[in-house]
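Take a look at the letters that make up each chain.
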Amino acid sequence: MSDSPAPRGNGPEAPSAPRHHARSPRGGAPVAAPGADPSTSGTRAGTRHGESTHPRATPAAPRRPQGPSDGRRAGLTARTLADPHLVYDPVADDGPKDVVILGSTGSIGTQAIDLVLRNPDRFRVTGLSANGGRVALLAEQAHRLGARTVAVAREDVVPQLREALRALYGTGEPLPEILAGPDAATLLAASDAHTVLNGITGSIGLAPTLAALEVGRTLALANKESLIVGGPLVKDLAEPGQIIPVDSEHAALFQALASGTRADVRKLVVTASGGPFRGRTRADLARVTVEDALAHPTWAMGPVITINSATLVNKGLEVIEAHLLYDIPFDRIEVVVHPQSYVHSMVEFTDGSTIAQATPPDMRGPIAIGLGWPERVPDAAPAFDWSKASTWEFFPLDNEAFPSVNLARHVGELAGTAPAVFNAANEECVEAFRAGALPFNGIMDTVTRVVDEHGTPSRGTSLTVADVLEAETWARTRARELTAQTAEARA
């Protein structure tokens, strides 16, 4: 991934009335759009602050997926979440596609906005959400994009956000509506739009993912934790083809899978850069520092994701995600190390052919697939200069030095709350490593112990959000206890 910000420039004009009407949630009353009276809304919202109101569209039933006339929509399975053979919600060529961006001030969000600003005839942003740590940037994004609604998780920054918006908007020009509180992004995800891009980091992205699916939005999913911790919940709600993956690896698999049917697929091959410690043994890793772990050779990312790349936990999570997205068994999902990060993943077919998706490292390509599919966005990201010589290398994964991938396969097969325990324990251990309380190898040693103590989940497909939250709380508490014991023993 890349942290390159969106370039400055003139954004599109303020949006007119939305083309895509709000769809009714399956099996329930319509979810309130942003700004609806909380007392009459079926969805709990955070405290709302607003200085303008906007007309709401009449709810309509969600559309069903459509496939090519040649019958290739059967290429995967009826419950395959991401299927390149399907077009879940076709858009008539009558103007830009309405998009909501969750996590707009983060790496995925800023690059998505760069893509939108360069393609105002293709996309129109109707809503933005952020945690609230970069208020000035959020206000600038809303102004440049003409967004109708801005959601912020931290209610304490609302006065600062409102002031920043007033400084950008002209006298008498209506400000965007502001939603605030822990449920703000979830409510925005259910607002009137065609596509929701979930670029939130962490398991807090699960509720917005479920909200977008419930009301029939096409979901461009960059928040892998939604699937990791809530896989059965997501699979229960999502229609086939409703999710378009945005992770570079899964966007690559998505494109490669378009080359054949499910019966043609022998295995999925997920590539890994190998992180900063490629080629080192477990003994070598005992001495690495936080600074070493944050020095990723290819991608510029946040600290947690970067350390997950150093332990290869990120690759373990991606294996679980690939299993859930494409309904391919774990024993047919392989990880290989590819230091150049040019080939983002591959699909091996039964005739011996391997289809690889390759571009220079740049997340704008996968984002463009998520927002634009089934059409491609011209010049979304740089292409290779084939007139220049280059060398691409591939190496087997060292599972002894990096046990995270096999552990992820294990928890993925256990299913239920096990993936949530794995993810939550890892987040706590990464923070402990950053604080100096755990050595690098101690991250996976501790996560493994927490997973073992959790055991086999008693609930599988009957998983609930409450189950996930309870399991995460237990895992975080237990990881902190074990971390404290390690720190005390090292003192």
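Further up the page is the structure itself.
J.: Give me the overall build of the protein chain: which residues, what numbers.
T.: From N to C terminus, the protein chain includes 16 helices and 13 strands. In the protein chain, which comprises 491 residues, the proportion classed as buried is 56%. Look at the contacts in the protein chain between residues 6 or more apart in sequence, and 74% of them connect residues 24 or more apart. With the model as given, the accessible surface of the protein chain reaches about 19800 Å², and the carbon-plus-sulfur share is 51%.

J.: How would you sum up the pattern of salt bridges? Please name residues and give values.
T.: Using the criterion set out here, one finds 21 salt bridges in the structure. The shortest N-O distance in the salt bridge between E348 and R266 comes to 3.2 Å. Remark: R266 occurs in strand β9 (residues 265-272) and E348 occurs in strand β11 (residues 343-349); sequence separation between them is 82 residues. Judged by its relative accessible area of 38%, R266 is partly exposed. Put simply, E453 and R449 hold a salt bridge, and the shortest N to O gap is 3.2 Å. Of this pair, E453 and R449 both sit in helix α15 (residues 440-454), 4 residues apart, which is roughly one turn of the helix. On the basis of relative accessible area, E453 is assigned to the partly exposed category, the value being 37%. Salt bridges sharing common partners tie together D114, R118, D362 and R364.

J.: Before we move on, can you summarise the packing of aromatic side chains with the specific residues and values?
T.: What the rule picks out here adds up to 8 aromatic pairs. Grouped by ring-pair contacts, the aromatic residues Y342, F384, W386 and W392 constitute a single cluster.

J.: Describe the sheet that holds strand β13 (residues 395-396), listing the residues and the values that go with them.
T.: Here 5 strands make up an open sheet; going across it, the order is β12-β11-β9-β10-β13 and the pairing mixed. The open sheet has two free edges, formed respectively by β12 (354-358) and β13, since each of these has just one partner strand. Both strand β10 (residues 333-337) and β13 contribute to a ladder of 2 bridges, which runs antiparallel. The residue bridging V336 from the neighbouring strand is P396, located in β13. Along the sheet, helix α11 (residues 313-326) makes contact with β9 and β10, crossing β9 at roughly 150°.

J.: How would you explain empty space enclosed by the protein if you had to name every residue and give the values?
T.: This model, assessed by the stated rule, comprises 4 cavities of 30 Å³ or more. For the second largest cavity, the lining is made up of 14 residues, of which V87, Y88, T218, I244 and W373 are closest to its centre. Within the lining of the second largest cavity, the residues separate by chemical class into 7 nonpolar, 5 polar and 2 charged.

J.: Can you break down the nonpolar core residue by residue, with the values?
T.: I243, L268, Y326, F422 and F440 are the most contacted members of the largest nonpolar core, which has 94 residues in total. In terms of residue count, helix α14 (residues 418-434) provides more of this core than any other element does, 10 residues in total. Counting residues in each nonpolar core, the second largest holds 39 residues, with I113, A130, A164 and A222 among its members.

J.: Before we move on, can you summarise the environment of V411 with the specific residues and values?
T.: Among the structural elements, V411 can be located in helix α13 (residues 404-414). V411 sits in the buried class, given a relative accessible area of 0%. Considered as a pair, V411 and G455 are 44 residues apart in the sequence and their alpha carbons are 9.6 Å apart. Not counting residues up to four positions away in its chain, the partners in contact with V411 are I320, A418, P419, F422 and V451.

J.: Explain the pairing of β11 to me, and be specific about the residues and the numbers.
T.: It is a general feature of regular strands that their side chains alternate between the two faces of the sheet. With respect to burial, β11 is a largely interior element, 7 of its 7 residues being buried. Of the pairings in the sheet, the one linking β9 to β11 comprises 5 bridges and is antiparallel in character. Among the inter-strand pairings, V270 is bridged to a residue of β11, identified as S345. The antiparallel pairing of β11 with β12 creates a hairpin that spans 4 residues between the two strands, and G352 there sits at a positive phi of about 95°.

J.: So what's going on with the packing of α13 against α14? Residues and values would help.
T.: α14 packs onto α13 with a crossing angle of 145° between their chain directions and a minimal axis gap of 7 Å. Residues S404, L407, A408, V411 and L414 of α13 pack against A418, P419 and F422 of α14. Broken down by class, the residue content of the contact of α13 with α14 amounts to 7 nonpolar, 1 polar and no charged.

J.: Tell me about the packing of helix α1 (residues 107-118) against helix α2 (residues 135-145), and name the residues and values.
T.: Contact pair α1 / α2: the axes reach a minimum separation of 11 Å and the direction vectors enclose 20°. As far as their axial angle goes, α2 and α1 are roughly parallel. Between α1 and α2 lies a crossing whose hand is left-handed. On the side of α1, the interface is formed by T110, I113, V116 and L117, while α2 contributes L137, Q141, R144 and L145.

Cut-off values and rules
- Residues numbered from 1 in each chain as written.
- Predicted model: local features only at pLDDT ≥ 70, side-chain atom pairs only at ≥ 80, totals over all residues.
- Heavy atoms only, no water.
- Helix = DSSP H or I, 4+ residues; strand = E, 2+ residues; numbered from the N terminus.
- Buried < 20%, exposed > 50% of the residue type's maximum accessible area, 1.4 Å probe, protein only.
- Contact = heavy atoms within 4.5 Å.
- Areas by Shrake-Rupley, 256 points an atom, 1.4 Å probe, with all protein chains shown as cover.
- Salt bridge = Lys/Arg side-chain N within 4 Å of Asp/Glu carboxyl O.
- Phe/Tyr/Trp six-rings, centres within 6.5 Å; stacked < 30°, edge-to-face > 60°.
- Pairing = 2+ DSSP bridges.
- Axes fitted to C-alpha atoms, helices over the stretch in contact; angles between N-to-C directions.
- 1 Å grid on protein atoms, 1.4 Å probe; cavity = no way out; pocket = protein on both sides within 12 Å on 5 of 7 lines; lining within 4 Å.
- Points joined across faces, edges and corners; volume = space filled by probe spheres on them.
- Nonpolar A, V, L, I, M, F, W, Y, C, P; charged D, E, K, R; others polar.
- Core = buried A, V, L, I, M, F, W, Y, C linked by side-chain atoms within 4.5 Å.
- Parallel < 35°, antiparallel > 145°, perpendicular 65-115°, else oblique.
- Left-handed = near helix turned anticlockwise from the far one by under 90°.

Take it as geometry only, folks, not as evidence of what the structure does.
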